[in-house]
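The lines below spell out each chain.
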Amino acid sequence: MPKTLLFESTSLRLSRFLPGLCLFGSGAASLTYELIWIRQLSLVFGGTLHAISMVLCAFMGGLALGAWLFSLWLKRRQPRNLFLLYGTLEVLIGAYGLAFPWLLEATAPLYPLMVSVAGEGPGLYFLEFLWGTLLMLPSTFLMGATLPVLGTWLVGQRSDSILSNVSWLYGMNTAGAVAGCLVTQFITIRWLGIAGANLLAVGLNGFIFLLCRMFNPPAEFATADKPPVPSKDEVPISRTASWSLLGLFAFSGLVALSTEILWTRILVIPLGSSLYSFALILSAFLFGIAAGSLSADRFFKNHSRIKLFLLLEASLGLMGLLMIPLLDQITPLTSWLDAHFYDSENTAMQTLALRSSVAFFLMFPPAFGFGLIFPIANQIHLSLFQNIPTTLGGSYTVNTVGSILGTVLTPFVFIPLWGIERSLFVLFASLLLLTCCTALLFPEIKKRARALPAFAIVLLGLGYWILQPGSATGQLGQGNLTRIDFGTSPDQLKIVDYLEGDFATLSVLEDTRRATRTLFVNGFSTATVSEQFGGTSYMQAMGFIPMILHPDPKDALVMCFGTGNTLGTVSAFPDVRVDGVEIDRNVLSMAHWFSEWNGDVRNRSNVDFHIQDGRQFIRWSEKKYDVITLEPMHPAHAGVAHLYSREFYEQARARLRTGGIMMQWLPLHLLSREDSLAVLKTFKQSFPHTSLWNSYLTRIVLLVGSDQPLTLNPQNFLRRMQNPAIARAGNEIGVHSFLDFLDFHLTDASSLNTLLAPVSLITDDRPLLEHSTVNLLPPFARETDETFLNFLLGRIRDFPAIEGLDQNNIKQVQAEFEKRTARRLSIFSQRYKGPGALAFQSKNFEEGLKTVKAFKEKQAGAWVGLSDSGWTVEKVD
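Described in the following lines is the structure provided in the data block. (Residues numbered from 1 in each chain as written. Predicted model: local features only at pLDDT ≥ 70, side-chain atom pairs only at ≥ 80, totals over all residues. Heavy atoms only, no water.)

### Overview of the overall build of the protein chain
Now for step 1: Within the protein chain, the regular secondary structure consists of 30 helices and 14 strands.
Now for step 2: Relative to its length of 877 residues, the protein chain is compact, with a C-alpha radius of gyration of 31 Å against a globular reference of 29 Å.
Now for step 3: Principal-axis analysis of the C-alpha atoms places the extent of the protein chain at approximately 105 × 60 × 60 Å.
Now for step 4: Taken over 877 residues, the protein chain has a buried fraction of 59%.
Now for step 5: Taking contacts inside the protein chain between residues at least 6 apart in sequence as the whole, the part at least 24 apart equals 78%.
Now for step 6: For the protein chain, the accessible surface area stands at approximately 34700 Å², while carbon and sulfur atoms represent 60% of it. (Helix = DSSP H or I, 4+ residues; strand = E, 2+ residues; numbered from the N terminus. Rg over C-alpha atoms; globule rule 2.2 N^0.38 Å. Buried < 20%, exposed > 50% of the residue type's maximum accessible area, 1.4 Å probe, protein only. Contact = heavy atoms within 4.5 Å. Areas by Shrake-Rupley, 256 points an atom, 1.4 Å probe, with all protein chains shown as cover.)

### Things to note about the sheet that holds strand E7 (residues 607-611)
Now for step 1: Spatially, E7-E6-E5-E8-E9-E11-E10-E12 is the arrangement adopted by the eight strands of the open sheet, whose pairing is mixed. The sheet is open, and its two edges are formed by E7 and strand E12 (745-748), each paired on a single side. Pairs of neighbouring strands in the sheet enclose a mean axial angle of 20 degrees, with direction left out of account.
Now for step 2: Relative to strand E11 (residues 700-706), strand E10 (residues 689-694) is paired through six bridges, and the arrangement is antiparallel. Note that in E11 the partner of Asn694 across the bridge is Val701.
Now for step 3: Running at roughly 70 degrees to E12, helix H27 (residues 781-793) makes contact with strand E9 (656-667), E10, E11 and E12 of the sheet. (Pairing = 2+ DSSP bridges. Axes fitted to C-alpha atoms, helices over the stretch in contact; angles between N-to-C directions.)

### Some words on the packing of helix H6 (residues 162-215) against helix H8 (residues 275-300)
Now for step 1: Contact geometry for H6 and H8: axes closest at 8 Å, N-to-C directions at 165 degrees. Relative to H8, H6 is oriented roughly antiparallel. When you trace H6 past H8, the crossing you get is left-handed.
Now for step 2: Each residue belonging to the contact of H6 with H8 can be placed in one class, and the counts come to 23 nonpolar, eight polar and two charged. (Parallel < 35°, antiparallel > 145°, perpendicular 65-115°, else oblique. Left-handed = near helix turned anticlockwise from the far one by under 90°. Nonpolar A, V, L, I, M, F, W, Y, C, P; charged D, E, K, R; others polar.)

### Overview of unusual backbone geometry
Now for step 1: Unlike most non-glycine residues, Asp575 shows phi in positive territory, near 60 degrees.
Now for step 2: Its location among the elements puts Asp575 in the loop between helix H17 (565-571) and strand E6 (577-582).
Now for step 3: Look at Asp600: it is not a glycine, yet its phi comes out positive at around 50 degrees.
Now for step 4: Looking at where Asp600 falls in the secondary structure, it is placed in the loop between helix H19 (595-598) and E7.
Now for step 5: Judged by relative accessible area, Asp600 falls into the partly exposed class, the value being 37%.

### A look at helix H7 (residues 239-271)
Now for step 1: Under the 1.5 Å per step criterion, the end-to-end length of H7 is 47 Å for 33 residues, consistent within 8% with the ideal 48 Å.
Now for step 2: At Arg265, H7 shows its strongest bend, of approximately 25 degrees.
Now for step 3: Here H7 lies mainly inside the structure; 27 of its 33 residues are buried.
Now for step 4: Directly after H7, the chain includes Gly272, whose backbone phi takes a positive value near 90 degrees. (Expected span 1.5 Å × (residues − 1). Bend = angle between axes of the 7 residues up to and from the residue.)

### Quick look at the environment of Leu211
Now for step 1: Here Leu211 is to be found in helix H6.
Now for step 2: For Leu211 and Leu267, which are 56 residues apart along the polypeptide, the C-alpha to C-alpha distance reads 40 Å.
Now for step 3: When sequence neighbours within four positions are dropped, the list of residues in contact with Leu211 reads Leu21, Cys22 and Asn216.

### Focus: the sheet that holds strand E1 (residues 493-500)
Now for step 1: The strand order E1-E2-E3-E4 describes an open sheet built from four strands, whose pairing is antiparallel. For this open sheet the edge positions go to E1 and strand E4 (524-530), each flanked by a neighbour on one side alone. In this sheet, neighbouring strand axes are inclined to one another by 15 degrees on average, regardless of whether the strands run parallel or antiparallel.
Now for step 2: Taken together, the seven bridges between E1 and strand E2 (residues 505-511) define a ladder with antiparallel strand orientation. The residue bridging Tyr498 from the neighbouring strand is Ser507, located in E2.

### Structural notes on the packing of aromatic side chains
Each pair of aromatic rings is reported with the distance of its centres and the angle of its planes.
Now for step 1: Counted according to the given criterion, the structure contains 38 aromatic pairs.
Now for step 2: Ring geometry for Phe287 versus Phe360: centroids 6.1 Å apart, planes at 45 degrees, classification tilted. In this pair, Phe287 sits in helix H8 while Phe360 sits in helix H11 (residues 348-380), placing the two residues 73 residues apart along the sequence.
Now for step 3: The exposure class of Phe287 is partly exposed, given its relative accessible area of 39%.
Now for step 4: What links up through ring pairs into an aromatic cluster is the set Phe544, Phe573, Trp693, Phe717, Phe738 and Phe741. (Phe/Tyr/Trp six-rings, centres within 6.5 Å; stacked < 30°, edge-to-face > 60°.)

### Digging into the packing of H7 against H11
Now for step 1: One can describe the packing of H7 onto H11 by two numbers: an axis separation of 11 Å at closest approach and a directional angle of 170 degrees. The angle between H7 and H11 places the two elements in the roughly antiparallel class. When H7 is examined against H11, the residues Leu245, Phe249, Ser252, Val255, Ala256, Thr259, Glu260, Trp263, Thr264, Leu267 and Leu271 are found in contact with a partner set consisting of Arg355, Val358, Ala359, Leu362, Met363, Pro366, Phe370, Ile373, Phe374, Ala377 and Ile380.
Now for step 2: Partitioning the contact of H7 with H11 into residue classes produces 17 nonpolar, three polar and two charged.

### As for the pattern of salt bridges
Now for step 1: The tally for this structure, following the rule as stated, stands at 22 salt bridges.
Now for step 2: Glu770 is the partner of Arg39 in a salt bridge, and the nearest nitrogen-oxygen pair spans 2.6 Å. You can see Arg39 sitting in helix H1 (residues 3-45) and its partner Glu770 sitting in the loop between helix H26 (753-756) and H27, a full 731 residues away along the chain. Just as Arg39 is buried, Glu770 falls in that class too.
Now for step 3: Notably, a salt bridge pairs Arg517 with Glu510, separated by 2.4 Å at the nearest N-O pair.
Now for step 4: Residue class for Arg517 comes out buried when judged on its relative accessible area of 17%.
Now for step 5: Overall, the relative accessible area of 17% leaves Glu510 in the buried class.
Now for step 6: A single salt-bridge network, built from bridges that share partners, covers Asp555, Asp579, Lys623, Asp626 and Arg657. (Salt bridge = Lys/Arg side-chain N within 4 Å of Asp/Glu carboxyl O.)

This is how it looks when you write it as structure tokens:
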């Protein structure tokens, strides 16, 4: 090959590869910013659906605005060195990304003023949107400009190369977003924290700027426009038809975003609501778009673009409709995945592979179609915009505006109005019908397919009659997204209620064999009630224990409603005013199914309900409380870790009066050993006087914290128990005497200081729980028992402070307390062949306890493990 041709070939490859590489990095950085900024803004606005939606709309609105306005500027000014301009945009994005956390923190104190001005409701939502937009706009505006700038530079005068170049650039940009999503959610936040992930994105922007400065390929192609020349095989196009195609492209953007939201709502049932699951779902969707975009040029270089565009849109609509029957397989799929998840031979990589496969199988096909459409749409819109910059910027803008509409309409209109399954049908049916109608605007197509819309209507009507989307049948998994708990037969379950709400999918299932009733939120079993003793003990204990411990509670806050049992117990105490905070109003609508257990708490006059994010309520409320209690969702679920962080506990402490009591659940059966110790250490740092409490029948630990030492008073207990409502609440959890109440005391947290020493704290910057191993491997009974035993061992020689009794009575109470301690220890000693097993087996609890005491003193400060052959010892570093 001659040197000249070789140089030109190399230069061409460089001029194509380098911008693709830059946009890959840009996509990774932008997705990282989006994920991080949503987290940071949710700590101000809250994690409600309205707040998250407003933040997403503000982010995408900035992208759309930047793409359009910059394309207009490019059209008028035609700057010479667009590649260097692109590099400048990237470094400015990085600079603002570096400043964003400080700007947010500086403006956060304005939020209470916004609430006081607008109150709760649409006015506040608009101000949140406005604030989020203003905060993110400098960066998102520049992000939106990157594709038009780089695309205009690469396309130059070659208007016929829009498809090939946009296919490459948009595909690489979206592929970068996939990488940014996976790396941020799986690696950087875990090991570097939120601040570290943000700095990594800033560094990526800076690196792209350096690439642009160092290489700066020559601008071989001028940016001056030439009138577009349609391909010979292209159909004639009118102005009306051009606008119709643009409108169809915008609608496909709406359908794309709506599809992502709807299928995410579906997939959290089998995959769970962990950070990893959401990352896999989003990555599968983005990967499909990237693959589709990168394939468009290869597959469709020599086809009629308009016919192809219409065919792809119609095919997408048809494919979306054909996927709807798969929804009836979600419940059996969930049971199949659960069986693998709880298999003792399972590994974390197997769980990750299975979940990735499910997400890929369901999200990739429609996303691939949407990815194919984007570069083709850019090529055909050239006839409307008449120049390359506004073609690229305008196409990106209208598609993004459609996505914004999908973000708003899907949770607030489509799901409440039609439900998930019927929403999918309406969206894809509308896409198919709108495409058929648009096709009639082209004479060549109209001649051959005049009856196409009528045929589509008949086809859709027949499809609706056959599929009957969204029709509830009362049968598990048929027309509903119900979940069957692992180990439970579907034959013994009955659907009591089912609701696809704007925020979550809720169901109430009744187990007719076990006589239990369970509330599921997005497939997670949030609470189970039972007529049998102990069925709801921990929920009622969460209300009973702190209210009894406080000498005279007047104001209480109960966060996270669930079935309402805790709130019902707290509000049963006389002369107390209670604020109940729940993020999802639809959860409250299920309360009547549990009124037998929650005491019909929704109709109690001393309870005020607030539909709000708990973290937001704690941060911005000025009211002081005597008791705060909360039982959030699974601690390892995405977005829940901020209710277990050091910053949250500090905010909660600020809301307590002197001597006030904080109560939070610690579900050992849902957490690993490291998770449980991290929660306890973080809680203890904010509440110096922390103790652990527990119902004898469960492995759920209750953390009680205060700024003052807690002292138990038997006389106060007996006086309170004279109230029939309080006595009934106590009896329901097995508390008939002061000794019964004392038995709930597990240990003081100070007895566990050695175990807690090497453990990291949970913070807003390092949300350790979101990266817990339990997201990929469940904690089995032995691990749960092991953690509980190490807490229980702290009870030996740890006797809580009691006032109002003489020394003889104290000794009697202490002796009874030791007997009950021995009974608890005997369970673990006999089950795992531990110290004193033979003595416990022969009911010699005193001798058994003495043996365990000797073991504990010999192994002081060590972690006690459990195996089939006995108790093991692990030194704590």
